[in-house]
Amino acid sequence: MLQRFLLVGAVVLLLLLIILAAVRIFVFRQEDEEVYIELDDKEISAAKPEMKVDLLTVNENSRPGTQSGKIAGIVIHYTANPGSTAQQNRDYFEGLKDSGQTQVSSHFVIGLEGEIVQCVPTWEVAYASNHRNQDTVSIECCHPDESGKFTEETYRSMVQLTAWLCEKFGLEEDDVIRHYDVTGKNCPKYFVEEEGAWEQFKSDIGRALSK
């Protein structure tokens, strides 16, 4: 009888160990799926746009230094500051470390002439897209007037940068969203009010990815 109990106990213990091992593997795989991953530039066929890297000082108001999770989307914004340049918007983010006025930033800003300034590394969180900050890369886009419509130069850089980022993170054009799609905010204004322009933008990204 004792041998029988010992045998049953051994079988139960073995089953428990197998279950615990399976759960541990599953948890590790879940954690791995949430880790930030990007392709090396050599593995990306989409052309990397020229950009100025001018990173913000690490601070609690615009660059918290928090590591991003797995990137699942690219979020398009507009500055809501007509006529301002990419550098001016970047410098505004930098100034928040001293003013403490609010918490806001973006990974990239695209200017009126198509110039691109990177403010925050893509492996860090930027304060741009509310509850999607952790798993998205944000692009702020300058515009010349209150309509929010982008210049041709800005638009071309938007398509090129977004396509490059999509390939870098294994995304497609349908993974590109507006700030509006996260919170309902009228941002980017032109792409919210002109739905056709938004669909055209995504189509242009798709074409850039298929080259």
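See above for the structure.
Numbering of residues begins from 1 in every chain and follows the order in which that chain's sequence is written. Whole-chain, interface and lining totals are the exception, using all residues; otherwise, since this is a predicted model, local features are given only for residues with pLDDT of at least 70 and side-chain atom pairs are given and counted only at 80 or more. As a rule here, side-chain values cover all heavy atoms of the structure and leave hydrogens and water aside.

## Observations concerning a negative patch on the surface
Piece 1. Patch rule: a residue counts if its relative accessible area is over 30% and it has no salt bridge; like charges are joined within 9 Å, and nonpolar side chains (Val, Leu, Ile, Met, Phe, Trp, Tyr) within 5 Å. Surface accessibility in these figures is a Shrake-Rupley result with a 1.4 Å probe; residues are shielded only by whichever protein chains are displayed. The salt bridge definition used is simple: a Lys or Arg side-chain nitrogen within 4 Å of an Asp or Glu carboxyl oxygen. Positive charges come from Lys and Arg alone, negative charges from Asp and Glu alone, with His and the N- and C-terminal ends not counted. Where a charge sits is defined by one atom per residue type, namely NZ (Lys), CZ (Arg), CG (Asp) or CD (Glu). Together, Glu-113, Glu-115, Glu-152 and Glu-153 line one region of the surface with negative charge.
Piece 2. Under the scheme used here, helices are H or I runs from DSSP no shorter than 4 residues and strands are E runs no shorter than 2 residues, and both carry numbers assigned from the N terminus. Within the secondary structure layout, Glu-113 lies in the loop between strand 3 (108-110) and strand 4 (116-118).

## So, the sheet that holds strand 1 (residues 52-53)
Piece 1. Should DSSP find at least two bridges between two strands, the strands are taken to pair. On the basis of which strands lie adjacent, the open sheet formed by six strands has the order 1-4-3-5-2-6 and mixed pairing. Looking at the sheet topology across the chains shown, the edges are occupied by strand 1 and strand 6 (176-178).
Piece 2. Relative to strand 4, strand 3 is paired through three bridges, and the arrangement is antiparallel. Paired with Ile-110 across the bridge in strand 4 is Ile-116.
Piece 3. By definition, residues are in contact when any of their heavy atoms lie within 4.5 Å. Fitting a line to C-alpha atoms yields each axis, with helices limited to the stretch in contact; the angle taken between N-to-C directions then spans 0 to 180 degrees. Helix 6 (residues 195-210) contacts strand 2 (73-78) and strand 6 of the sheet and is inclined by roughly 155 degrees relative to strand 6.

## Looking at helix 3 (residues 152-168)
Piece 1. Here helix 3 spans 24 Å end to end across 17 residues, near enough to the 24 Å set by a 1.5 Å rise per residue.
Piece 2. Of all the 17 residues making up helix 3, 12 are buried; the element is thus mostly covered by neighbouring parts of the structure.
Piece 3. Positive backbone phi, at 70 degrees, marks Gly-170, one or two positions downstream of helix 3. How far a helix is expected to stretch is found by multiplying one less than its residue total by 1.5 Å. Burial classification: accessible surface area is computed with a 1.4 Å probe over protein chains only, and a residue below 20% of its type maximum counts as buried, one above 50% as exposed, and the rest as partly exposed.

## Focus on the environment of Lys-97
Piece 1. Note on placement: Lys-97 falls in helix 2 (residues 86-99).
Piece 2. The spatial distance from the C-alpha of Lys-97 to the C-alpha of Leu-56 is 9.2 Å, given a sequence separation of 41 residues.
Piece 3. Those residues in contact with Lys-97 that sit more than four places away from it in its chain are Thr-57, Asn-59 and Asn-61.
Piece 4. In the analysis that follows, any N or O atom pair within 3.5 Å is treated as a polar contact, provided that within protein one partner can donate a hydrogen and the other can accept it, and provided that, for residues neighboring in sequence, both atoms belong to side chains. One polar contact links Lys-97 to Glu-94, side chain to side chain, over a distance of 3.1 Å.
Piece 5. Polar contacts involving the side chain of Lys-97 include one to the side chain of Asp-98, which spans 3.3 Å.

## A closer look at the pairing of strand 2
Piece 1. For strand 2, the buried fraction is high: six of the six residues fall into the buried class.
Piece 2. Neither face of strand 2 is exposed, since Gly-73, Val-75 and His-77 on one face and Ile-74, Ile-76 and Tyr-78 on the opposite face are all buried.
Piece 3. In this sheet, strand 5 (residues 136-141) lies alongside strand 2 in parallel orientation, the contact comprising six bridges. Of the residues in strand 5, the one forming a bridge with His-77 is Glu-140.
Piece 4. As paired strands, strand 2 and strand 6 are joined by three bridges and run parallel to one another. If you follow Ile-74 over to strand 6, its bridge partner there is Val-176.

## Remarks on the layout of surface pockets
Piece 1. Here a cavity denotes a set of grid points, spaced 1 Å apart and computed over the protein atoms alone, in which a 1.4 Å probe fits but from which it cannot get out, and a pocket denotes an open set meeting protein on both sides within 12 Å along at least five of seven lines; residues with an atom within 4 Å of a point are reported as lining. Grid points are joined across faces, edges and corners, and a volume is the space filled by probe spheres set on the points. Roughly 290 Å³ of volume is contained in the largest pocket.
Piece 2. Around the largest pocket, the lining is made up of 16 residues, and of these Tyr-78, Thr-79, Val-104, Glu-140 and Lys-185 lie nearest the centre.
Piece 3. Those elements that place two or more of their residues in the lining of the largest pocket are strand 2 and helix 2.
Piece 4. Tallied by class, residues from the lining of the largest pocket come to eight nonpolar, six polar and two charged. Polar here means any residue other than Ala, Val, Leu, Ile, Met, Phe, Trp, Tyr, Cys and Pro, which are nonpolar, and Asp, Glu, Lys and Arg, which are charged; Gly is therefore polar.

## Focus on the pattern of salt bridges
Piece 1. A complete count under the given rule lists 15 salt bridges for this structure.
Piece 2. We note a salt bridge from Lys-48 to Asp-41, for which the minimum N-O separation is 3.4 Å.
Piece 3. The partner of Lys-97 in a salt bridge is Asp-98, and the shortest N-O contact between them spans 3.3 Å.
Piece 4. The exposed category is assigned to Asp-98, whose relative accessible area is 63%.
Piece 5. The network of salt bridges with common partners includes Asp-54, Arg-90, Asp-91, Glu-94, Lys-97 and Asp-98.

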